[in-house]
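The residues making up each chain are set out below.
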Amino acid sequence: MTTEICLHGQACSAAVRGAARRPVSVPRTWRCGHSVHRHVLVALHLRQRNRKRAASCITRCLQSTTAELEDIDPLTGAVLTPVKSKVPKESVTVNGIRWAYRTNTEEPKDLDKDKRPVLLLHGLGSASFSYRETCELLGKEGFRAVAVDWPGHGASDKPDPSQFDYSKKAYIQALDALVSQLEHLNQPVDVIVQGFILGQYALLWAMQNPDKVEKLVILNTPLGLKTKLRPELAAYKNRMAFLRPDPKKKRFDGAMYNAAGSSYQMQWNIAEGYNIAYQEDDLGSIAVAESMNQVDFPSLLAEVNEACRSWRKPSLLLFGQNDPFIPITTVFDFLEDKRTNFELAQLSTRMGHMPQEDYAEAIQKTISNFLRGIKE
């Protein structure tokens, strides 16, 4: 008879000591309900006298909670760092669209009233989840940080294109309405942006509203006129329409998309946090496709470049230099004809397309000092 039991350390190995004749392939990963040690399930030929003890161990395994299972990589069995709040807990409805957002956990009394609120905005295909650690780090320094999920992304509403057409105008108008109504965002605010398309729309909104924005922090966002669309997004611009991704046939892979630009191997439970918007239905995938249908990327680059020429507020460019999609040389080209209010900070630590995901702690001091007006 073959049955499955967990095997780790002395506690469970005692149940099968001497009973195993021939272990076979590892079919699944579990976390044992009565131990913090990592273990895998193995199929063993057991002697009759050990079946009861093995069954008891199986029962404990099956009683493991989902939260416990998320601490184990299902492929390698490696212990993973637990991930907090994949889905934002807060939301606000503005003009019929529910925006999900996350903010730091500090009580208002623990925040510095002299520090401006910080609005954090992600790029197309991503989510406020990328700023989960940055929000908390800013909170510990007395800032009120608010990271939102754009419409069509994360846990925010994903309207039908007939109601929200996912154009540049629609996104910018929706963001302006949100900033005007969200109680945490006393103006002016400081803004942190990152990512393709939506990161650029966020920049345009800021530059159209200099009275609402005091400082800008720009993490890896397309700026240079020679910047190309990353391959996953370029597919939506294929000249042959029948080769473009069809969101109703194949859903957008948020996990792979956000893991692709990292300089480090992303834990699977973190990657899963980016895929929530695309798991239950195809609305999130449609939002990405419609956003790409609406954008003219070269024109968007030119518009952002022109808007930055007249922008006078303090702005920090903080770019990961191992970004496979935005060469650092395009940033140098962008800065050639810009005012001195644009400051470039070189990151010594190896980082990719999302520095806030790769190593939030490493960029925190630079961001904080800039927001507080402290020269490094």
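Residues numbered from 1 in each chain as written. Predicted model: local features only at pLDDT ≥ 70, side-chain atom pairs only at ≥ 80, totals over all residues. Heavy atoms only, no water.

Visitor: Could you give an account of the sheet that holds strand 4 (residues 90-94), naming the residues involved and the relevant values?
Guide: Spatially, the 8 strands line up as an open sheet ordered 4-5-7-6-8-9-10-11, and their pairing is mixed. Of all the strands in the sheet, just strand 4 and strand 11 (342-346) have a single pairing partner and so form its edges. Across this sheet, the average inter-strand angle for adjacent strands is 25°, counted without regard to direction. The pairing of strand 8 (residues 189-193) with strand 9 (residues 213-219) spans 5 bridges and is parallel. Considered in strand 9, the bridge of Val191 is made with Leu216. Packing against the sheet, helix 4 (residues 132-140) makes contact with strand 5 (97-103), strand 6 (118-121), strand 7 (145-148) and strand 8, and its axis sits at approximately 170° to strand 6. (Pairing = 2+ DSSP bridges. Helix = DSSP H or I, 4+ residues; strand = E, 2+ residues; numbered from the N terminus. Axes fitted to C-alpha atoms, helices over the stretch in contact; angles between N-to-C directions. Contact = heavy atoms within 4.5 Å.)

Visitor: Describe helix 14 (residues 360-372), and please don't skip the residues or the numbers.
Guide: For helix 14, spanning 13 residues, the distance from its first C-alpha to its last is 18 Å, which sits close to the expected 18 Å at 1.5 Å a residue. Taken together, the buried positions of helix 14 are Ala360, Ile363, Gln364, Thr366, Ile367, Ser368, Asn369, Phe370 and Leu371. Residue Gly373 follows helix 14 closely and has a positive phi angle near 80°. (Expected span 1.5 Å × (residues − 1). Buried < 20%, exposed > 50% of the residue type's maximum accessible area, 1.4 Å probe, protein only.)

Visitor: Hey, could you go over the pairing of strand 4 for me, with residue numbers and the actual values?
Guide: Across 5 bridges, the pairing between strand 4 and strand 5 is antiparallel. Among the inter-strand pairings, Ser91 is bridged to a residue of strand 5, identified as Ala100. Here strand 4 folds back onto strand 5 in antiparallel fashion, the turn holding 2 residues, of which Asn95 has a positive phi close to 50°.

Visitor: How would you explain the packing of aromatic side chains if you had to name every residue and give the values?
Guide: Applying the stated criterion across every chain yields a total of 11 aromatic pairs. When the ring of Trp99 is compared with that of Trp150, the centres are 6.1 Å apart and the planes differ by 45°; the resulting orientation is tilted. One end of the pair, Trp99, is in strand 5; the other, Trp150, is in the loop between strand 7 and helix 5 (168-181), and 51 residues separate them in sequence. Each member of the pair, Trp99 as well as Trp150, carries the same accessibility label: buried. Among the aromatic residues, ring-to-ring pairing joins Trp99, Trp150, Phe164, Tyr166, Tyr171 and Tyr201 into one connected group. The cationic tip of Arg132 hangs over the ring face of Phe129; the distance from NZ or CZ to the ring centre is 4.1 Å. (Phe/Tyr/Trp six-rings, centres within 6.5 Å; stacked < 30°, edge-to-face > 60°. Lys NZ or Arg CZ within 6 Å of the ring centre and 35° of its normal.)

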